Amino acid sequence: NVSIEVKDVGQANITLIVTAEGAHTIKLCRDAAYCSEKRNENNGVTFKFNGLSSNEVYSFQAVAFFNQGEQESELLEIRTKPNGLTLPAQAIDLHQANLLAEIFFDQNVEYYFAYGLNGHLNQKTASQQGHGLVSKTITNLQWGSTYFFQVVLKIEGNHFPGEIKSFKTLGKKPEIKN
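Every chain's residues receive numbers from 1 upward, in the order its sequence appears when written. Where local features are concerned, this predicted model is filtered to residues with pLDDT of at least 70; where side-chain atom pairs are given and counted, the filter is 80 or more; whole-chain, interface and lining totals use all residues. In computing side-chain values, all of the structure's heavy atoms are included and hydrogens and water are not.

**Here we look at the side chain of Thr80**
No. 1: Comment: elements are numbered from the N terminus, with helices defined as DSSP H or I runs of at least four residues and strands as E runs of at least two. By the element assignment, Thr80 lies in the loop between strand S8 (76-79) and strand S9 (83-90).
No. 2: Exposure remark for Thr80: the relative accessible area of 1% places this residue in the buried category.
No. 3: N or O atoms within 3.5 Å of each other form a polar contact, as long as, within protein, one can give a hydrogen and the other can take it, and as long as residues adjacent in sequence are counted only when both atoms are side-chain atoms. Polar side-chain contacts of Thr80 include one of 2.6 Å to the backbone oxygen of Ser53.
No. 4: In what follows, a contact means two residues having at least one pair of non-hydrogen atoms within 4.5 Å. The contacts of Thr80, once residues within four sequence positions are left out, are Val9, Gly10, Gln11, Ile14, Leu52, Ser53, Ser54, Asn55, Glu56 and Tyr58. Under the scheme applied here, a residue whose accessible area is under 20% of the maximum for its type counts as buried, over 50% as exposed, and between as partly exposed, the area being computed with a 1.4 Å probe on protein chains only.

Dropping the structure here:
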């Protein structure tokens with residue numbers, strides 16, 4: 001019995017473990033074209049595929065080689081995680097800033113920005129639909145303060161956060177005159 005177990009799925013990588021008790025060699029093919037073959041030790045072999053595109057479906061099938069022949073696994077399809085790239089904030093003022101992101105998706109997807117002071121992303125904008133370059137202006141910010149933010153994609157109930165960036169609102173401490 002040949003089985004494929006998903007160990008990790010990222011935006012550009014997939015790690016799989018193939019098991020086939022008694023097999024001496026295991027070959028794993030991605031999209032019926034890119035194959036890798038390894039000796040079967042400890043009844044399980046780890047395969048890592050890097051440099052993949054985000055939000056793409058890849059198919060995998062394993063072949064286990066035994067002394068008496070070979071056996072194929074079921075075909076397994078896996079989608080890599082989608083990619084939302086948080087970009088530097090723009091139009092930063094005393095009490096507002098424009099948050100930017102690029103969503104690498106060929107159709108509209110639900111997203112929002114999480115943000116907050118001192119590294120705490122405890123506030124969020126309303127969810128929107130979009131792809132490509134997207135933005136949202138946030139207001140009522142404290143002047144002279146450092147805010148952290150990230151874009152978060154929301155797909156089929158799952159949240160996919162982008163990189164965290166920061167900006168500082170304009171302003172300085174007022175001078176106290178006697």
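Don't stop here, the text continues.
**Here we look at the pattern of salt bridges**
No. 1: Put simply, a salt bridge is a Lys or Arg side-chain nitrogen that is within 4 Å of an Asp or Glu carboxyl oxygen. Within this structure, the stated rule accounts for two salt bridges.
No. 2: For Glu163, the salt bridge goes to Lys165, with nearest N and O atoms at 4.0 Å.
No. 3: For Glu163, a relative accessible area of 47% gives the class partly exposed.

**Remarks on the packing of aromatic side chains**
No. 1: Stacked, tilted and edge-to-face pairs are distinguished by plane angle, under 30 degrees for stacked and over 60 for edge-to-face with tilted covering the rest, among Phe, Tyr and Trp rings (Trp via its six-membered ring) whose centres lie within 6.5 Å. All chains considered together, the criterion is met by four aromatic pairs.
No. 2: Ring plane angle 90° and centroid distance 6.0 Å describe the contact between Tyr111 and Phe113, whose orientation is recorded as edge-to-face.
No. 3: Accessibility expressed as a relative area gives 2% for Tyr111, which makes it buried.
No. 4: Through pairs of rings, three or more aromatic residues link up here, namely Tyr147, Phe149 and Phe167.
No. 5: We call a charge positioned over a ring when the NZ of a Lys or the CZ of an Arg lies within 6 Å of the ring centre and within 35 degrees of the ring normal. Cation over ring: Lys38 sits above Phe47, and NZ or CZ is 4.9 Å from the ring centre.
No. 6: Here the basic side chain of Lys124 rests over the ring of Tyr112, its NZ or CZ set 4.6 Å away from the ring centre.

**Some thoughts on the confidence of the model for the chain**
No. 1: Confidence of the predictor in every single residue is expressed as pLDDT, which spans 0 to 100. Mean pLDDT for the chain: 91, with 96% of residues reaching 70 or above.
No. 2: The spread of mean pLDDT over the elements of the chain runs between strand S16 (residues 158-161), the lowest at 87, and strand S12 (residues 123-124), the highest at 97.

**Details of the sheet that holds strand S14 (residues 132-138)**
Across a sheet, strands are paired by hydrogen bonds formed along the backbone, either parallel or antiparallel in direction.
No. 1: One open sheet accounts for three strands, arranged S9-S10-S14; its pairing is antiparallel. Looking at which strands have only one partner, the edges of the open sheet turn out to be S9 and S14. Taken pair by pair, the neighbouring strands of this sheet meet at an average axis angle of 25°, ignoring direction. Here the rule is simple: two strands pair whenever DSSP picks up at least two bridges between them. Helix axes are fitted only over the stretch in contact, all axes being lines through C-alpha atoms; the angle between N-to-C directions runs from 0 to 180 degrees.

**A short note on the pairing of strand S6 (residues 57-66)**
No. 1: Among the 10 residues that make up S6, eight are buried, leaving the element largely enclosed by the rest of the structure.
No. 2: By the bridge criterion, six bridges tie strand S3 (residues 25-30) to S6 in an arrangement that is antiparallel. By the bridge assignment, Ile26 is partnered in S6 with Ala64.
No. 3: Pairing of S6 with S8 involves four bridges; the strand directions are antiparallel. Looking at the pairing, Phe60 lines up with Leu76 of S8.

**Things to note about the sheet that holds strand S5 (residues 45-49)**
No. 1: Ordered in space as S1-S2-S5, the three strands form an open sheet in which the pairing is antiparallel. Sheet topology places strand S1 (2-9) and S5 at the edges, where each strand pairs with a single neighbour. Taking the axes of each pair of neighbouring strands and ignoring which way they run, one obtains an average angle of 25° across the sheet.
No. 2: Sheet topology places S1 next to strand S2 (residues 14-20); seven bridges connect them, and they run antiparallel. For Val2, the partnering residue across the bridge sits in S2 and is Ala20.

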